[in-house]
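Topology and contacts: notes
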Amino acid sequence: MDTKVKQDVSRSETRKRMANAIRALSMDAVQAANSGHPGMPMGMADVASVLFADYLKFDPSAPDWPDRDRFVLSAGHGSMLLYSLLYLCGYADITIDEIRNFRQLGARTAGHPEYGYAAGIEMTTGPLGQGIATAVGMALAEHKLAAEFGSDIVDHHTYVLAGDGCLMEGISHEAIDLAGHLRLDKLIVLFDDNSISIDGPTSLATSTDQLARFAAAGWDTCYIDGHDPAAIAGAIEQAQQSERPSLIACRTVIGYGAPNKQGTAATHGAPLGDEEIAAARKQLDWEHPPFEIPADLLDRWRSCALRGVTARQAWQANLARLPASSRQRLDSMLAGDLGADFDGVIAALKKRFSEEQPKLATRQSSQVVIEALLDEVPGLLSGSADLSGSNGTRPANAVSITPQDFSGNYLHYGVREHAMAAAMNGIALHGGYIPLAGTFLAFADYSRPAIRLGALMHQRVVHVMTHDSIGLGEDGPTHQPVEQIASLRAMPNLLVFRPADAVEVAESWACALQQRDCPSVLCLTRQGLPTLRIEHRRENLVGRGAYVMREAEGKRRATLLATGSEVAIALAAAEMLARFGVEVAVVSMPCWELFEQQSEEYRQAVLGNEFRVAIEAASPLGWERWTGRYGHVIGMQGFGASGKAEDLYTHFGITAQAVHDEVRSMLQI
């Protein structure tokens, strides 16, 4: 046996031993918790050990280093694989005690990886398919930053570990199609091809040739033995040289090493049991007690980070050689800054709207705001799900990104709302860009799983959702949102804006971008609305969530609460009531979530103690919070219909006359 062959054999044996450390930690932690998924970590341990030991660029001493490789565990149920890797590689947040406390309340080692719990967890995963789609956004951000600053400054890969479930989910189709089209060559998916799902063999539900599917979307593909370190290494090296995204299908045995359960669904989502763990220890030649890693092996694992330290230091030297202006711009983009004159731009827009008093659909006034912000905010990245003109997200200064040219500021996501919303999360997580993109509000449920993850991860992502009510008219009930606004308001850590005019649109954009720890949804109209705020005020009133737009002249008899296009209806009703000597206040409530953050005194002053009537062309669900026990809501009690907007408002009784009549009935006058 020649020297090279001996070295290769020795290296493979070392990687096998390193992989067995992952297997031992995973099966022991799941057993201690009496809960979890040991099968995938044990099956993919060989792939993970080769990736982290030989290829992944990371530095636990600087875990947020911008040019690190990203590793996304799309199959988040196998979280012990990631936690084991982070502990073994020396990430300070994941200690052996955290491994012991797997899935316990307060532990960093939650059942599924939670972004922000520990360094090295690049995103929250668990809902299958979200990881691979979010990773597309990360790879996209890398590609675009590299196009601007060069490969000496931005040159890293995004690796995804995905399972059969991730690829069965429909979002994966949208994501791989987009990645292939954009030729995201730094994206490498490691497919855990174990042919097992919860119900049993995957043949129960699918016959898809995944390699053919990915190849059809423009990916490089290959098929390897996922337990052969040399084959794993060769496939990764080949993928790193590709000019296209790559899929490496790794044929593995789920629960590898558990002699009586490996290769079966029994290892997927339950502890192996003491007897099977003992048998696995014997099978793997692992003689160490639970949660104990031999010192020499732990040293071997910890030394893997040295490669990343060297790479980071070289990157810092390259960064120091950047021209000062480029360095300043990169720092600003990575910090998520809004530009030196952001407040001035917003103030100028508000003043212009108040003076010119345009009658614009709020989607149109939003486009005016986006146009101004694209010139001011260095990392603002716009887009749409094939609805650019309808959403108003592509103003005159937007430049399309193409596979050949990533210098633009506008992404054509295609008809792919699922992947678009997830990719925006990935862009935000990666850093460098602040993503916004549009679709119709009626299609919010396509985006909802990713919006929820964005809220859970505290990411600043702006979802522009237009055609927000029956006011869109003739397209009818399939496109007219009814329940969507209430549904979105029910989601924690999500700001839902429904501005009433152009001024409120500008203020809503300011709030959405200044809130760094949550996503936002802007619900915007198709129909034109009058400018209601005709006296310029520098204060951002939308930032209060709700405010009195028209105070009663004299004693307030009732309070009218409204959002969006219905604020104008409330103001018209107030004028009608005033002619009968009934003075009411009109409150615009563009963002309930921000209103909830105000003091009790402020909320009470705005709402008053009188009868309240809420007006919103949507489901009334949730309004009882603000109308009180004796209040009333004028809204939609069912789906909409096809017709002219003005006819629909009359048909469904959402009119100034209806508000007038309801107030007088409540007051018995």
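Residues numbered from 1 in each chain as written. Predicted model: local features only at pLDDT ≥ 70, side-chain atom pairs only at ≥ 80, totals over all residues. Heavy atoms only, no water.

Points about the packing of aromatic side chains
Counted according to the given criterion, the structure contains 12 aromatic pairs. Relative to Phe-443, the ring of Phe-440 lies with its centre 5.8 Å away and its plane at 40°, an arrangement referred to as tilted. Note on Phe-440: relative accessible area 8%, which makes it buried. Across the ring face of Tyr-602, the terminal group of Arg-544 is positioned such that the distance to the ring centre comes to 4.3 Å. Over the aromatic face of Phe-580 sits the side chain of Arg-664, whose NZ or CZ is 4.4 Å from the ring centroid. (Phe/Tyr/Trp six-rings, centres within 6.5 Å; stacked < 30°, edge-to-face > 60°. Buried < 20%, exposed > 50% of the residue type's maximum accessible area, 1.4 Å probe, protein only. Lys NZ or Arg CZ within 6 Å of the ring centre and 35° of its normal.)

Considering the pairing of strand β7 (residues 246-251)
Across the 6 residues that make up β7, a large majority, 5, are buried. When strand β3 (residues 187-193) meets β7, the two strands line up parallel, connected through 6 bridges. Its bridge partner being in β7, Ile-188 is matched across the sheet by Ser-246. Relative to β7, strand β6 (residues 220-225) is paired through 6 bridges, and the arrangement is parallel. Across the sheet, the residue bridging to Asp-225 is Arg-251, located in β7. In this fold, the crossover linking β6 to β7 by way of helix α10 (residues 229-240) has right-handed handedness. (Helix = DSSP H or I, 4+ residues; strand = E, 2+ residues; numbered from the N terminus. Pairing = 2+ DSSP bridges. Right-handed = clockwise from strand over helix to strand, strands pointing away.)

Here's the deal with the sheet that holds strand β17 (residues 558-562)
Strand order in the open sheet formed by 5 strands is β16-β18-β17-β19-β20, with mixed pairing between adjacent strands. Two strands bound the open sheet, and with one partner strand each, they are β16 (547-550) and β20 (632-634). For this sheet, the mean inter-axis angle between neighbouring strands, taken without regard to orientation, is 30°. Bridge analysis of β17 against strand β19 (residues 611-615) gives 5 bridges, and the strand direction is parallel. In the strand pairing of β19, Leu-561 is matched with Ala-614. Running at roughly 160° to β19, helix α27 (residues 656-667) makes contact with β17, β18 (584-588), β19 and β20 of the sheet. (Axes fitted to C-alpha atoms, helices over the stretch in contact; angles between N-to-C directions. Contact = heavy atoms within 4.5 Å.)

Concerning helix α12 (residues 295-302)
By the burial criterion, the buried members of α12 are Leu-297, Leu-298 and Trp-301. Projected down its long axis, α12 carries its buried residues within an arc of 100°, all on one side. Away from its buried face, by an angle of more than 90 degrees, α12 presents the exposed residues Ala-295 and Asp-299. (Arc of directions from axis to C-beta.)

Digging into the packing of helix α15 (residues 342-356) against helix α16 (residues 362-376)
Look at α15 against α16: their axes get within 10 Å of each other, and the N-to-C directions meet at 150°. Between α15 and α16, the angle falls in the class roughly antiparallel. In the crossing of α15 with α16, the sense of the turn from one axis to the other is right-handed. Contact residues: α15 offers Phe-342, Val-345, Ile-346, Leu-349, Arg-352 and Phe-353, while α16 offers Ser-365, Val-368, Val-369, Ala-372, Leu-373 and Glu-376. (Parallel < 35°, antiparallel > 145°, perpendicular 65-115°, else oblique. Left-handed = near helix turned anticlockwise from the far one by under 90°.)

Side note on the nonpolar core
With 125 residues, the main nonpolar core has Ile-99, Ile-248 and Trp-301 as its most contacted residues. In terms of residue count, the dominant contributor to this core is helix α6 (residues 130-149) (10 residues). When sequence neighbours within four positions are dropped, the list of residues in contact with Ile-248 reads Ile-188, Val-189, Leu-190, Phe-191, Cys-222, Ile-224, Ala-235, Ile-236 and Ala-239. If you look at the next biggest cluster of nonpolar residues, it comprises 46 residues, including Ile-569, Trp-592, Ala-656 and Val-663. (Core = buried A, V, L, I, M, F, W, Y, C linked by side-chain atoms within 4.5 Å.)

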